[in-house]
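Structural overview
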Amino acid sequence: MNIEETLKKNNQTHILDALNALSGAEHEKLKAQIEQVDWDEISKLIQEYVLRKPVTEIPADLSPAPYFPLEPKDAEQAEFYRKAFDRGVELIRSGKTAALTVAGGQGTRLGFDGPKGTYPITPVLHKTLFQYFAESLARVCEKYNTTIHWFIMTSELNDKATRDFFAAHNCFGLKPETIHFFTQGFMPAIDYSGKVLMSAKDSIALTPDGHGGTLLALRKSGCLDLMKKLGVKYISYFQVDNPLVPVSNPLMLGLHDLEHSEMSSIMLSKTNAHEKLGNFCVTGGRLQIIEYSDMPDELAERTTNGKLDFIAGSPAIHVISVDFIERLTNGGRLDLPWHRADKKVAHINERGETVKPDAPNAVKLECFIFDALPLATRTIILEADRKECFAPTKNATGVDSAESCREMLCARDARRMELAGITIPRKADGSPDCIVELSPRKVFDDEDAIAFFKSNPAKSPERRSSTAYG
């Protein structure tokens, strides 16, 4: 690309001035950043998303999305679920599945300095999120006598720290060659006049391009080619802040395969009309997610026989076909819609002074992975029990916090111990009156819990005690 012509054409001459004022390594750093940006595309996005605020149009034909229920509705569906579960196990055993964790964030909202995946989350031993997932994967591999490759999307901000963390902990017992790191893409931050901000004299203000960028990053990093070489057909996608998620779900994988789905999703029944989960909907015969903030009240609150019509909420847990990702990213671009976020972005002004704004001053553009759903030729949704799969860790305390996540991990493990015949002391409200933690290296599912305590008999934990098992 001719940098001078490109920046002038796209009204970003202040970046050209910054480049011309540099020399040596600083010049090369900024030059490399400039060359990675599709400036023609940025100009188009500035017109569409920055200089005007897009309004989400709610389609007139919007209807609730159908889904496979948590409990089969009849004997025929129960038999189909059994067949799907067996098919999922077969896919896992034969190495046709991989795990994909989105882990580009920092632990800032948790009051933690470091990649979010390095945050200690378990209630007794304080294992980190990464360790918890790693031990779960190790148990699945052992249980089904297979190898599951783990793909971890980091960001430029935390990639080195994440890699160093895994190296320092010997990959938590996993084979290093089965763990693959790749970094997500980025977008420039743009002020309200349409100018791309500079974060330093030798750097554009860059922000992650959202979890939708995962799909393109897989291709650009070579991970997509590696998956094909390994014979992987399906990816289990989940976010790093949810340790309760099963890292591999045989039933979901089997349904995805038997139904010839290209992208499948877990759904949770919403606790109320305005719960902060995206809404699974259908329009024009295609599945899509309408964000909770965009859903009109009259639709969000609509009920039939006392039950919410739009009951299906998304916890961002998916199975995605490798062939679908390849098709979507063919040509090295990913045609997903962008979402505008108004943010406070620190930058340098024309005098080179650092500006830390008190109010939003710029637009960050992100694409979301769920926007790939309408592009799939076939999709399915499977209902799940949130107590078994959804404990997001976004804040230090309160709703969706480390505190609530630990409580849910403890409650799940206490239930599994009761299945194994161990009495759990409980409070008046039914919650455990003790803190228990089962090692995911030994216990992946209910079946494992029963087998573990059969081989390792344990006494009932005492009230208000803290005990780890395995």
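To keep things clear, this report deals only with the structure shown in the data block. Along each chain, numbering runs from 1 in the same order as the chain's sequence is written. Only residues with pLDDT of at least 70 get local features here, since the model is predicted, and only at 80 or more are side-chain atom pairs given and counted; chain-wide, interface and lining totals rely on the full set of residues. In computing side-chain values, all of the structure's heavy atoms are included and hydrogens and water are not.

Quick notes on the overall build of the protein chain
- In terms of regular secondary structure, the protein chain is built from 15 helices and 24 strands.
- Here the radius of gyration uses the C-alpha set of atoms, whereas the globule reference equals 2.2 Å times the residue count to the power 0.38. Expected size for 470 residues packed as a compact globule is a radius of gyration near 23 Å; at 24 Å, the protein chain falls within 12% of this value.
- Throughout, exposure labels follow a simple rule: accessible area from a 1.4 Å probe, protein chains only, divided by the maximum for the residue type, with under 20% read as buried, over 50% as exposed, and the rest as partly exposed. Counting every position in the protein chain, which comprises 470 residues, the buried fraction comes to 54%.
- Sequence separation of at least 24 residues holds for 74% of the intrachain contacts in the protein chain that already meet a minimum separation of 6.
- By element, 49% of the accessible surface of the protein chain is carried by carbon and sulfur atoms, the whole surface being about 21800 Å².
- Averaging the locations of the 57 positively and 65 negatively charged side chains of the protein chain gives two centres separated by 3 Å. Strands are runs of DSSP state E lasting at least two residues, helices are runs of H or I lasting at least four, and both sets are numbered from the N terminus onward. Every residue pair with non-hydrogen atoms within 4.5 Å of one another is taken to be in contact. Shrake-Rupley sampling with a 1.4 Å probe provides the accessible areas, and residues are treated as covered by the protein chains on show and by no other component. Two residue types count as positive, namely Lys and Arg, and two as negative, namely Asp and Glu; His and chain ends fall outside the count. Every charge is mapped onto a representative atom, which is NZ of Lys, CZ of Arg, CG of Asp or CD of Glu.

Examining the packing of aromatic side chains
- Centres within 6.5 Å make a pair out of two Phe, Tyr or Trp rings, where for Trp the six-membered ring is used; the pair is then stacked when the planes are under 30 degrees apart, edge-to-face when over 60, and tilted otherwise. For the coordinates displayed, the defined rule picks out 13 aromatic pairs.
- Aromatic pair F68 and Y81: ring centres 6.2 Å apart, planes at 65 degrees, arrangement edge-to-face. On the criterion of sequence distance, the pair formed by F68 in the loop between β1 (63-64) and α5 (75-93) and Y81 in helix α5 is long-range, its members being 13 residues apart.
- Residue class for Y81 comes out buried when judged on its relative accessible area of 7%.

A few points about the nonpolar core
- Definition of nonpolar core: a set of buried residues of the types Ala, Val, Leu, Ile, Met, Phe, Trp, Tyr and Cys, connected through side-chain atoms within 4.5 Å. With 67 residues, the main nonpolar core has I34 and F280 as its most contacted residues.
- It is helix α4 (residues 39-50) that contributes the most residues to this core, six residues altogether.
- The residues touching I34, leaving out its near neighbours within four places in the chain, are M1, I3, L7, I15, L19, W39 and I204.
- Y81, A99, V140 and L255 belong to the second-largest nonpolar core, a separate cluster that totals 46 residues.

Comments concerning the packing of helix α14 (residues 402-419) against helix α15 (residues 446-455)
- At a minimum axis distance of 8 Å, the contact between α14 and α15 shows a crossing angle of 55 degrees. With respect to each other, α14 and α15 are oriented oblique. α15 is crossed by α14, and the crossing has right-handed handedness. Every residue of α15 that contacts α14 at R415, R416, M417 and L419 is listed here: D446, A449, I450 and F453.
- Any residue that is not Ala, Val, Leu, Ile, Met, Phe, Trp, Tyr, Cys, Pro, Asp, Glu, Lys or Arg is counted as polar, Gly included; the first ten are nonpolar and the last four charged. Across the contact of α14 with α15, the residue classes tally to five nonpolar, no polar and three charged. Convention adopted: a line fitted to C-alpha atoms gives each axis, helices being fitted over their contacting stretch, and angles between N-to-C directions are expressed from 0 to 180 degrees. Any angle that is under 35 degrees is reported as roughly parallel, and any over 145 degrees as roughly antiparallel; angles of 65 to 115 degrees are reported as roughly perpendicular and all others as oblique. We call a crossing left-handed when the near helix sits turned anticlockwise from the far one by less than a right angle, and right-handed when that turn is clockwise.

Comments concerning unusual backbone geometry
- For N145, which is not glycine, the phi torsion reads 50 degrees and is therefore positive.
- Mapped onto the secondary structure, N145 falls in the loop between α6 (129-143) and β3 (149-154).
- Its identity is not glycine, yet C171 carries a phi of approximately 55 degrees, on the positive side.
- As for its placement among the helices and strands, C171 is situated in the loop between α7 (159-168) and β4 (179-183).
- With a relative accessible area of 11%, C171 lands in the buried category.

A short note on the environment of M408
- In this fold, M408 is placed in helix α14.
- Along the primary structure M408 and R386 are separated by 22 residues, whereas in three dimensions their C-alpha atoms are 9.6 Å apart.
- Leaving out residues up to four positions away in the same chain, M408 has contacts with L244, R386, K387, F390 and A391.

Considerations on the packing of helix α8 (residues 213-221) against helix α9 (residues 223-230)
- The contact between α8 and α9 brings their axes to 4 Å, and the two run at 75 degrees. Taken together, α8 and α9 sit at an angle that is classed as roughly perpendicular. On α9, the residues that touch L218, R219 and S221 of α8 are C223, L224 and M227.
- For the contact of α8 with α9, a count of residues per class yields four nonpolar, one polar and one charged.

What to know about the pairing of strand β13 (residues 286-290)
- Paired strands, as defined in this entry, are two strands with at least two bridges between them according to DSSP. Pairing of strand β12 (residues 278-283) with β13 involves five bridges; the strand directions are antiparallel. Of the residues in β13, the one forming a bridge with C281 is Q288.
- In this structure, the hairpin formed by β12 and β13 is closed by a connection of two residues, where G284 is found at a positive phi of approximately 60 degrees.

Regarding the pattern of salt bridges
- Salt bridge, as used here: a side-chain nitrogen of Lys or Arg that lies within 4 Å of a carboxyl oxygen of Asp or Glu. What the rule picks out here adds up to 37 salt bridges.
- For K394, the salt bridge identified is with D241, shortest N-O distance 2.8 Å. Linking K394 in the loop between α13 (386-389) and α14 with D241 in the loop between β10 (234-239) and α10 (250-258), this pair joins segments that are 153 residues apart in sequence.
- Overall, the relative accessible area of 6% leaves D241 in the buried class.

Re the sheet that holds strand β6 (residues 190-191)
- A sheet is described by the order of its strands in space; here three strands give the open sequence β6-β21-β18, paired in antiparallel fashion. The open sheet has two edge strands with one neighbour each: β6 and β18 (339-343).
- As paired strands, β18 and strand β21 (residues 362-366) are joined by five bridges and run antiparallel to one another. Bridge pairing in β21 links D342 to V363.

So, the environment of F112
- Here F112 lies in the loop between β2 (97-102) and α6.
- Classification of F112 as partly exposed rests on a relative accessible area of 24%.
- Residues F112 and A396, spaced 284 residues apart in sequence, show a C-alpha to C-alpha distance of 9.1 Å.
- If we skip the residues at most four places from it in the chain, F112 touches G107, T118, Y119 and P120.

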